[in-house]
Every structure is written in C-alpha cells, then in structure tokens.
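# Commentary on secondary and tertiary structure
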Amino acid sequence: MSHARSTSFRRRLLTACVAAAVALPLGVATAASASTGTASPAASAPVTAGPTPSAASATEAQPAASVTAATLISQGRPATASSVEASAFPASAAVDGSGTTRWASVEGVDPQWIQIDLGAGASVSRVLLNWEAAYASKYRVQISADGSSWTTLKDETAGNGGTDDITGLNGTGRYLRIHGTARGTSYGYSLYEVQVYGTAGTGTPGGGTIVDVSTAAQLTSALAAATPGQTIRLAPGTYQGSFVATTPGTASAPITLTGPRTAVITNDGPSGTLNGCPHPGDGWDSGYGLWLYGASYWNVSGLTVADAKKGIVLDTATHVTIDGVLVRDIDDEGVHFRKSSADGVIRNSQIMRTGLAQPGYGEGLYLGSANSNFTCYADSSGRDRSDRVQVLDNAFGPGIAAEHIDVKEGTEGGVVRGNTFDGTGLSGQNSADSWVDVKGNGYLFEDNTGTFSSPGVFANGYETHNPLTGWGCGNIWRGNDSDLGGVGRYAVFVSSTSKCSANPNKVYASNTVTGATSGLTNVAVTP
C-alpha cells in the first residue's frame, strides 16, 4: 500500500517539504507566487480561460520570504475523486487544510482525477498542489461550469512531485479538477492538499445540496428525490438493488451521482414480469446496474457498476456524462445509450468482462438500437437517434465478449477518440469478432489504440456494415494504431463501397497497422 512503501531520499525530502508548506498559515503565499502575482478575472461568462495555457507558470515552492495576501477558496469545499486507495484517503482530505491527511487514488491505474466544487461562478488565479510521494508526471488543471465540459488552464507534461505552485491562471467556473494522465511512480496519485485561490463562487445552481448515502435504501431514496443541481455522493461499500433515476437536471444545474471506485452498484435481477417495452415500474426489476430513464443532464462519476444483467442503461437521457467509472462483470452489455439518448459523453472509464451470460450480446458500449428494436426505441423520426455521443479516453477490455463498441444504424455524428481496445476474450458469437462494428453514419475514429492476443476470435479491428440503406457510411478513421496480433486481416474492413458511393467511408494514411494478415484496409487509402 502507498502509505507503507519505500522511497528514495529525495522523495522523502520532498514529502517533508510538502508537509511543511501545507503548515503555512492559510492565505499566506510563497515567495514564488509573490514575485509572479495573481490575476482576478471577471466572472462574466460560465467558463473562461486565458489566451493560452502557457500563460500559467508552475514552480516548486520556495521557503516563504514574504507574506502576500491571497484568498483561499477551496478549503472545506465538497470534493470527489475518480477513486480512493482506501477509506482513510478520501478526496475531502485534500481540502481540509491539514498537512498530514491526504487523498490517494487506487494504485497502478491511469487516468485519475480529483474535483472540487467551488460554487457557481468562482474565478481561479492560482492553484497550489502538495504531492505525496505518489505524484503525477503529467496532469491537467481544468475548470468547468457544469462538471461536463472542461477547459484546461494548465497542461503539465514534466511533473516531478513536491509542491507545484501554478500562478497566472485565468478561469471561471464551478468545478476545479486535477486530472492526472501519467503517474510518476508505479503507485497511484496522492495529494496532501489542493489549494485553489481566487474569488469564491456565489452559490450552487438549484440549491446545490449534497446528499451523502451509505446504504442501498438511502441511494434508492436519493435517486427518487433528486433535484437539479444536487449531488448524490456514495460512500465506499456495495449497493445491491434496482437503481433508477427518472428526474432530469438542467443544462445549468445538472444532477451528479458520484463516489469512489470502491462504491460498487450491483443488481442480481432481473425479476418480475415486463409488460411491453422496458420501462420502470410494474414491479419489474430490469437487472440493470444503473438506469437513467428520462434523466437528462446527469453526471455519473468515479463509482463502479458490477455484477448486473446490464451495466449502465440510458433511455431518453440526453446530455449525460459518464466520467471515470468502472463497469465490470456484466451478463450482457456494459453501457447502453438507447432510445435517443443523444449528446452524451463517456470518458476516462474502463469496461471489462462483459457478456458473461450471453457472449454474443456482451458489447462493451452500445450506441443506439438495432432496427429490429425500433418499435420500442425509435422516436418520431422512426429511428433511435442516440446521436453525437463522444467516447473519449476509455479503456475497453480485456474480457469483452462482443464488440467493444457497437455503433448501430440510425445513429450519427459521434466521436471515438483516444481509447484503448484489448481484444483478448472476443467470443466470435453473433459476429463478435472486431473491436468496433460501425453501422451508423458520420463517426470520427481518431487516435485510438487496439491490440489482440489469444484467447479469442478476431477478424478485423474495425468493420462497417449496412443493415439499412444509406447507413454505415461517411465514417472517418484517422491516426489509429492497430496491432492485429498476427490474426486479424485488416485494421479497417469496409464491407461495401457501392452501398456508400455517395457518402464513402474514409481511411487516412495516418493510421498504422502491425500484425495484419492482409493490411491496413481493403479500400483505397486517403492521403
């Protein structure tokens, strides 16, 4: 565990300096920040940032040589994190003003984040990070008005631990996030303190209350009583039951469900009898881990969904962000954007070991519905318009029995970027023999990395199909790296060019492939 590890003399010295720095009286700036000064941006827009991230500077703090007035706005504020190593290292420990308590993430996993609610309209000019021995070598300081769309204030690519004093920032929003993308050690991420300086927010949207839950019954009640702007915060533990949210948030006041990775939602259903298409009520338990039914503008972060028939299901739930969750050990598909659940985001998450009961239906991520199910899930357009979903920086596999991502006919305009696909365990059942199956239109696949190794059945990295006329067309592959393990034929296999002659799929030369039995693609490469 990180609290018992051995460290070098340099790291122990830095850690001691961290504790000493945190022990300075609150509101006292270091000499480094005194020489740099701070900015006080106007809070006229929901989220603003300075002209370029390079305007911010980060230095290791020096012993205090002078006293400079500053306003600390983060201490005691609500804090959440993507994970915690143990209950002794909660996110709240990073904003409690103590130099001896700390937040620590799970070990050996990238990325991880810690997020602080500063109140709506807070402005930020300076961030002071006091790292424990487990530091980030790469991280971003980000700000957001809604906890969904983030603006990067500082992109650190050469972190070396100790104390980072980041000055000259210019950002306005509600949430401040430290998003670690690369660990400096083999352990996790750990911060004694995150100190944010600037102007405090004026409140939180819609009352912004925080509801802490620690039992399944409390979670059920909190979901039923949720109101816009509210945060439902799970304590570590297992939550067994049927958890359904039906109340939408708003664009300015989303509802947040958050908890550490050790907060595990499970469901041993289904049970009861379903009348008609899937809907809550009637005594039917869907068996879904978490069901957002008409619950638009929700943020789900940090927690785990496991041991359920389906992991997370969205029905008519638009503008939902799933961030930093773990979905594992699922009977069927892991996450399903369904029934025109458009404009969603899933990012920084991991999906693994799906299709345990029905391997051919164990997709990691399912976007839309098959046309055979349009009777239940189509809107007035006649199709399931779960459009414009962004799939960003996630880890898929191992153990996903069907496609890692299944993009269904009738959906369009999504982005799949920066993900990793580990194809170990693909079952081959129900044509489940590729990382991604694309039947929608106008998707961008960019900067993804895919691998395959036995056991499993593997034909191609990405495939297109055309179950409906005019669909499975106009998709773009750019900058993807594919290792087909000496088994797969093509990185990108386009099943038909004639069916998409007016809107062709394009595979750019920036894609790379190794271990292919045939090559990069079966169509002409676009320069």
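Look above for the structure.
Procedures and definitions
- Numbers given to residues run from 1 along each chain, matching the order in which its sequence is written.
- Only residues with pLDDT of at least 70 are given local features in this predicted model, and only at 80 or more are side-chain atom pairs given and counted; all residues enter the totals for whole chains, interfaces and linings.
- Water and hydrogen atoms play no part in the side-chain values, which are based on all heavy atoms of the structure.
- Cavities and pockets were defined on a 1 Å grid built over protein atoms only: a cavity is a set of grid points that admits a 1.4 Å probe from which the probe cannot escape, a pocket is an open set flanked by protein on both sides within 12 Å along at least five of seven lines, and lining residues are those with an atom within 4 Å of any such point.
- Grid points are joined across faces, edges and corners, and a volume is the space filled by probe spheres set on the points.
- Comment: elements are numbered from the N terminus, with helices defined as DSSP H or I runs of at least four residues and strands as E runs of at least two.
- All residues other than Ala, Val, Leu, Ile, Met, Phe, Trp, Tyr, Cys, Pro, Asp, Glu, Lys and Arg, Gly among them, are scored as polar; the first ten of these are nonpolar and the last four charged.
- At least two DSSP bridges between two strands are required for those strands to pair.
- Only heavy atoms enter the contact rule, under which two residues are in contact if any of them lie within 4.5 Å.
- Here an axis means a line fitted to C-alpha atoms, over the contact stretch when the element is a helix, while the angle between two N-to-C directions is reported on a 0 to 180 degree scale.
- Here the nonpolar core consists of buried residues drawn from Ala, Val, Leu, Ile, Met, Phe, Trp, Tyr and Cys, with membership extended through side-chain atoms lying within 4.5 Å.
- Working definition: with a 1.4 Å probe on protein chains only, accessible area under 20% of the residue-type maximum means buried, over 50% means exposed, and in between means partly exposed.
- Under the pairing criterion, centres of Phe, Tyr and Trp rings, with the six-membered ring standing for Trp, must be within 6.5 Å; the plane angle then separates stacked pairs below 30 degrees from edge-to-face pairs above 60, leaving the rest tilted.
- Remark: a charge is flagged as sitting over a ring if the NZ atom of Lys or the CZ atom of Arg is within 6 Å of the ring centre and within 35 degrees of the ring normal.
- The disulfide criterion used throughout: a pair of cysteine sulfur atoms within 2.5 Å.

Throughout the structure, instances matching the rule amount to three cavities of 30 Å³ or more. Counted as a void, the largest cavity has a volume near 180 Å³. In terms of lining residues, the largest cavity is bounded by 18 residues, among which T80, Q115, Y175, T231 and T256 are the most central. When contributions to the lining of the largest cavity are tallied by element, the ones reaching two or more residues are β3 (79-81), β5 (112-131), β12 (231-234), β15 (255-258), β18 (298-301) and β21 (321-323). Per element, the largest residue contribution to the lining of the largest cavity is three residues, and it comes from β5. Grouping the constituent residues of the lining of the largest cavity by class yields six nonpolar, nine polar and three charged.

A word on the sheet that holds β18. The sheet built from 11 strands is open, its strands ordered β11-β12-β15-β18-β21-β24-β27-β30-β33-β36-β39 with parallel pairing. Only two strands of the sheet have a single neighbouring strand rather than two, namely β11 (210-213) and β39 (506-507). In this structure, β11 lies alongside β12, joined through four bridges in parallel fashion. Paired with V213 across the strands is L234, a residue of β12. Relative to the sheet, helix α3 (residues 216-224) contacts β11, β12, β15 and β18, its axis offset from that of β11 by approximately 155 degrees.

The parallel open sheet is built from 10 strands, whose spatial order is β13-β16-β19-β22-β25-β28-β31-β34-β37-β40. The sheet terminates laterally at β13 (237-240) and β40 (512-514), the two strands that pair on one side only. Here two bridges tie strand β28 (residues 395-396) to strand β31 (residues 420-422), and the two strands are oriented parallel to one another. For A395, the partnering residue across the bridge sits in β31 and is T420.

L219, I232, L234, L292, W298 and I405 are the most contacted members of the largest nonpolar core, which has 61 residues in total. In contact with L219, other than residues within four places in its own chain, are V213, I232, L234, Y239, F243, L257 and I265. Counting 30 residues, the second-largest nonpolar core is a separate cluster that includes A94, I116, A122 and L129.

The next point concerns the packing of aromatic side chains. Counted by the stated rule, this structure contains 16 aromatic pairs. Plain terms: the ring middles of Y443 and F445 are 6.3 Å apart, the flat faces sit at 25 degrees to each other, and that makes the pair stacked. Members of the aromatic cluster, each reached through a chain of ring pairs, are F396, F421, W435, Y443, F445, F452, F458, Y462 and W477. When the ring centre of Y197 is taken as reference, the NZ or CZ atom of R126 above it lies at 4.4 Å. Here R177 stacks its cationic end above the ring of W150, 4.2 Å away from the centre of that ring.

Applying the stated rule across the entire model yields two disulfides. In this model C277 forms its disulfide with C376; the gap between the sulfur atoms is 2.0 Å. As the torsion about the S-S bond is roughly -85 degrees, the C277-C376 disulfide counts as left-handed. Taken together, the positions of C277 in the loop between β16 (263-266) and β17 (288-293) and C376 in helix α4 (residues 374-377) put the pair 99 residues apart, joining distant regions of the chain. One disulfide bridge connects C473 with C500, the sulfur atoms lying 2.0 Å from each other. When the S-S torsion is -70 degrees, as for the bridge of C473 with C500, the disulfide is left-handed. With C473 in the loop between β35 (460-464) and β36 (476-478) and C500 in the loop between β38 (490-494) and β39, the pair connects residues that are 27 residues apart, well separated along the chain. Pair check on accessibility: C473 and C500 agree, each one buried.

Moving on: unusual backbone geometry. In this model, G397 is joined to P398 through a cis peptide bond whose omega is 0 degrees. The phi angle at D329 is positive, at roughly 55 degrees, despite the residue not being glycine. D329 sits in the buried class, given a relative accessible area of 14%. For D393, which is not a glycine, the phi torsion comes out positive at approximately 60 degrees. Residue position: D393 is located in the loop between β27 (390-392) and β28.

What follows concerns the pairing of β18. Alternating residues of β18 divide into W298 and V300 and N299 and S301, and every residue in both groups is buried. When β15 meets β18, the two strands line up parallel, connected through four bridges. Among the inter-strand pairings, T258 is bridged to a residue of β18, identified as S301. Bridge count between β18 and β21: three bridges; the pairing is parallel. When the sheet's bridge partners are listed, V300 is paired in β21 with I322.

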